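# Coordinate inspection notes
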Amino acid sequence: MKRAALLISLLVLSISLFAEPQYKTIEDLNGKDIGVQTAVLYEDLIRSRVPDTTFQYYTMPNDMILALQSGKVDAYLIEEVSFGVQKKNHPELTVIEEPAGYINATCIIGNNERQDRLLGELNAFIAESWDNGLLDELYDYWIADFDPVNDTCDVSGFTGENGTISVAVEGGYEPFSFISNGQVSGFDVDFICRFARAYGYTPEFYEVPFEAIAPGVETGKYDIGMNIVVSAERNETGTLSDVYYTTPIRLVILGDEESDLGFFAKLAESFNKTFIRESRWELFVQGAGITVLITIASIIAGTVLGFLVYLLCRKGGKVSNSITNFFLWLIHGMPTVLLLMILYYIVFGSSRLSGTWVSVVGFSLMFACAMIDMLRVGCNAIGKGQTEASRALGYSESQSFFRIILPQAAQHFLPIYRNEVVTLIKETSVVGYIAVLDLTKISDLVRSRTYEAFFPLIVTAIMYFVISALLTKVVTMLEHAIDPKRRKKDKILKGIKEEE
C-alpha cells in the first residue's frame, strides 16, 4: 500500500510539473487558436503580439464558449461587459489579466435620404446623454448591474410624427441586444428607444447577424445599425456617429472552477431555461411557423412558376429557351445565402418588403428552376409515340400533354420533387441572415440567452425532421394518387370512352 501511495504521489507530482501552465500573458497564446466573432475586428488589437496565432471566426458570441470548452480554441476575444454576463452562467471562465485593448462603439447611419438628418440628431443626442449622465445610467443598469431575468426595456411612448426608423441589432448579444419575454431588449435597444422618443420617431428593430448589419445599413435597408466598432477603414466607407460606449477587450480562457450541479440537475436546469423560463417554447413555435410559411409558400409559388415557364418554353424558340437556360444557370450556380442577400439588400433594398416575403421570392425562384428541370427530365422520358397515339385518338395537343404525357412524366419526376421539398426545408435555415426569425434563428437567440446548446439544437433538429416528414408525406400521397397502377381499369379508360 505504501508503495502504491508513493507511486500515485510521484505521478501527481510529475503531472503538475510537466502540465502546460495556465496562460498568464497575451504572448503565451502565440501559436494557439483564438476565437473571435465575425466582423468585430478585435483580433487587430493583438495580431502583432501573437503573429503565429490562428484566429477562428464565429457568428454567435456564445458559440465561442462551446469552442473553448471542447478544445477547439485556447481562448477567445470578447468585450469585458459581455464577459461579465457569460461569467455568471459559466463560472469556469476566466480572463488574462491584461486587456487585449480598448474599443469604441458607434452607430452606423443608413445610406438614404435621411442620413444627414439622422446623423446630426443622433450625435446631438449622444453628446447630451454624456452630459446629463444618461449613458452612464444605461451602463449601470444594463452592464454593471445587469439582471438578465428582471431587467426590462420600455418600448412604448413613441409619437412617430417624424416617421419610422429601422434599426439593425444583433439580437443575440447580452446585454446589448437580446430577446426577453418575446421582445427585443438590452442596452442598444433602450438607447435607441430613448432617442426615438426624444426626436419623434417610431423604431422598428431587426435582429440581424452582426456581419450583416453594416452591409444592410450601407445599402439603405436600415436607417441605423448598432454597436459598430470604430476603425479607420469603416470611417472611410461608412457614416458613423459619435462614440456611445467604450469597453476593454478581454481574452477569455478556462479556469479551474466547476459547477456543483450533477448531470441530471444540469439537464433539468437547461430544460427550464430553454423552454419554461419566459415561455421560450413559444418562440420555437413561432419560428417553426415562419419556417413552414416560407417553405409551403415557396413550394406552391415555385411549382406554379416553374410549370408556367416550362409550358411557355416547351415549344418555344431558341431565344426563349436561351433566356430560360441563362436564369437556370444563374440561380443554380448561386449560393442560397448570396441570392437572399442580393434580393434583400439590392433588388428590394429600397422597399419595406419584409425578410420573410423576400425569402419566399428567393426560394420560389430556386424551386421554380428545379421544377423546370424536373419537367424536362420527366417529359423527355416519355416516347414521342405516346403523343402520336393520343393525337390519333382525337386528342388535341393540349389534351395530349395534360391527359397522357404529364401523368406519366409525373411518375418520373415526383420522387425528385419530394427530395427537392426536403432540400428546400433545410435551405430555409439561412434566412436569419436577412432578419427573419425562423426556427434556426430562434434557436440561436435562445442559445444566446441560456448559454446552453443541447436542448435548443436537438429540439430544432427534431422540429425540422417533423416538418420534413409531414411535407414528404403529402407529396408521397400525391404520387400514389396519380399512379396508374393504383387506379381501377374503368378509371384509366374513362377518358377514352368519353371521347368515343
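Preceding block: the structure.
Described below are features of the structure shown in this document. (Residues numbered from 1 in each chain as written. Predicted model: local features only at pLDDT ≥ 70, side-chain atom pairs only at ≥ 80, totals over all residues. Heavy atoms only, no water.)

## As for the overall build of the chain
Helix and strand counts for the chain stand at 19 helices and 13 strands. For the chain, the proportion of its 500 residues judged to be buried stands at 47%. Contacts in the chain between residues at least 24 apart in sequence constitute 76% of all its contacts with a sequence separation of at least 6. Working note: accessible area of the chain is about 24500 Å², and carbon and sulfur atoms make up 59% of it. (Helix = DSSP H or I, 4+ residues; strand = E, 2+ residues; numbered from the N terminus. Buried < 20%, exposed > 50% of the residue type's maximum accessible area, 1.4 Å probe, protein only. Contact = heavy atoms within 4.5 Å. Areas by Shrake-Rupley, 256 points an atom, 1.4 Å probe, with all protein chains shown as cover.)

## Things to note about the pairing of strand S1 (residues 33-37)
Counting buried positions along S1 yields four of five residues, so the element is predominantly enclosed. In terms of strand pairing, S1 meets strand S2 (residues 54-58) through five bridges, oriented parallel. What sits directly across from isoleucine 34, in S2, is phenylalanine 55. Where S1 lies against strand S3 (residues 75-79), two bridges are found, and the strand directions are parallel. Residue pairing for S3: isoleucine 34 is matched across the bridge by alanine 75. (Pairing = 2+ DSSP bridges.)

## Describing the pattern of salt bridges
As enumerated under the stated definition, the model contains 15 salt bridges in all. Notably, a salt bridge pairs glutamate 98 with arginine 49, separated by 2.9 Å at the nearest N-O pair. With glutamate 98 in the loop between strand S4 (93-95) and strand S5 (101-109) and arginine 49 in the loop between S1 and S2, the pair connects residues that are 49 residues apart, well separated along the chain. Between lysine 273 and glutamate 452 there is a salt bridge; the shortest N-O distance is 3.3 Å. Placement of lysine 273 in helix H9 (residues 263-276) and of glutamate 452 in the loop between helix H16 (439-450) and helix H17 (454-481) is noted, with a sequence separation of 179 residues between them. By relative accessible area, which is 7% here, lysine 273 ends up buried. For glutamate 452, a relative accessible area of 22% corresponds to the partly exposed category. Overlapping salt bridges bring together Glu174, Glu278, Arg280 and Arg449 as one network. (Salt bridge = Lys/Arg side-chain N within 4 Å of Asp/Glu carboxyl O.)

## Remarks on the packing of helix H10 (residues 281-314) against H16
Between H10 and H16, the least distance of the axes is 7 Å, while the angle of their chain directions is 155 degrees. By the angle class used here, H10 and H16 are roughly antiparallel. In this structure, H10 contributes Leu283, Phe284, Gly287, Ala288 and Thr291 to the contact, and H16 contributes Leu439, Ile442, Ser443 and Val446. (Axes fitted to C-alpha atoms, helices over the stretch in contact; angles between N-to-C directions. Parallel < 35°, antiparallel > 145°, perpendicular 65-115°, else oblique.)

## Here's the deal with the environment of tyrosine 76
Structurally, tyrosine 76 is set in strand S3. Taking C-alpha positions, tyrosine 76 is 8.9 Å from phenylalanine 55, a pair spaced 21 residues apart along the chain. For tyrosine 76, the side chain forms a polar contact with the side chain of glutamine 86, separated by 2.6 Å. (Polar contact = N/O pair within 3.5 Å; in protein donor to acceptor, adjacent residues only side chain to side chain.)

## Side note on unusual backbone geometry
Backbone torsion omega between glutamate 174 and proline 175 reads 0 degrees, so that peptide bond is classified as cis. By secondary structure assignment, the location of proline 175 is in the loop between strand S7 (172-173) and strand S8 (177-180). At leucine 41, a residue that is not glycine, the phi angle is positive and equals roughly 70 degrees. With respect to the helices, strands and loops of the structure, leucine 41 is situated in the loop between S1 and S2. Here the phi dihedral of asparagine 181 falls at roughly 55 degrees; this positive angle occurs in a residue that is not glycine. Structurally, asparagine 181 is set in the loop between S8 and strand S9 (183-185).

## Quick notes on the nonpolar core
Grouped together as the largest cluster of nonpolar side chains are 136 residues, with contacts concentrated most on Leu77, Phe191, Ile224 and Tyr244. What phenylalanine 191 contacts, discounting residues up to four positions off in sequence, is Cys107, Leu122, Phe125, Ile126, Leu135, Leu138, Met226 and Tyr244. (Core = buried A, V, L, I, M, F, W, Y, C linked by side-chain atoms within 4.5 Å.)

## Side note on the pairing of strand S10 (residues 202-207)
Burial along S10 is one-sided: the residues Pro203, Phe205 and Glu207 are buried and none of Thr202, Glu204 and Tyr206 is. Alignment of strand S6 (residues 164-169) against S10, held across six bridges, turns out to be parallel. Within S10, the residue paired with valine 169 across the bridge is glutamate 207.

## Looking at the environment of glycine 157
Mapped onto the elements, glycine 157 comes out in the loop between helix H5 (134-144) and S6. Looking at glycine 157, the relative accessible area reads 56%, which means it is exposed. In this structure, the C-alpha to C-alpha distance between glycine 157 and alanine 196, residues 39 residues apart in sequence, is 9.4 Å.

## Some words on a negative patch on the surface
Among the surface-exposed residues, Asp136, Glu137, Asp140 and Asp145 lie close enough to one another that they form a single negatively charged patch. Mapped onto the elements of the fold, aspartate 136 is located in helix H5. (Patch = residues over 30% accessible without salt bridge, like charges linked within 9 Å, V, L, I, M, F, W, Y side chains within 5 Å. Lys, Arg positive; Asp, Glu negative; His and termini not counted. Charge placed at Lys NZ, Arg CZ, Asp CG, Glu CD.)

## Overview of the sheet that holds S9
Ordered by their spatial adjacency, three strands build an open sheet running S7-S8-S9, and the pairing between neighbours is antiparallel. The open sheet has two edge strands with one neighbour each: S7 and S9.

## Some words on the packing of helix H15 (residues 397-427) against H17
The geometry of H15 relative to H17 is characterised by a closest axis approach of 9 Å and an angle of 165 degrees between their N-to-C directions. Judged on the interaxial angle alone, H17 and H15 are roughly antiparallel. In the crossing of H15 with H17, the sense of the turn from one axis to the other is right-handed. Two secondary-structure elements touch here, H15 through Gln411, Leu414, Pro415, Tyr417, Arg418, Val421, Val422 and Ile425 and H17 through Tyr464, Ile467, Ser468, Leu471, Thr472, Val475, Thr476 and Glu479. Grouping the constituent residues of the contact of H15 with H17 by class yields 10 nonpolar, four polar and two charged. (Left-handed = near helix turned anticlockwise from the far one by under 90°. Nonpolar A, V, L, I, M, F, W, Y, C, P; charged D, E, K, R; others polar.)

## Some details on a nonpolar patch on the surface
Nonpolar side chains collect at one region of the surface, where Val319, Ile323, Phe326, Phe327, Trp329 and Leu330 lie side by side and expose about 650 Å² of accessible area between them. Note that leucine 330 resides in helix H11 (residues 318-332).

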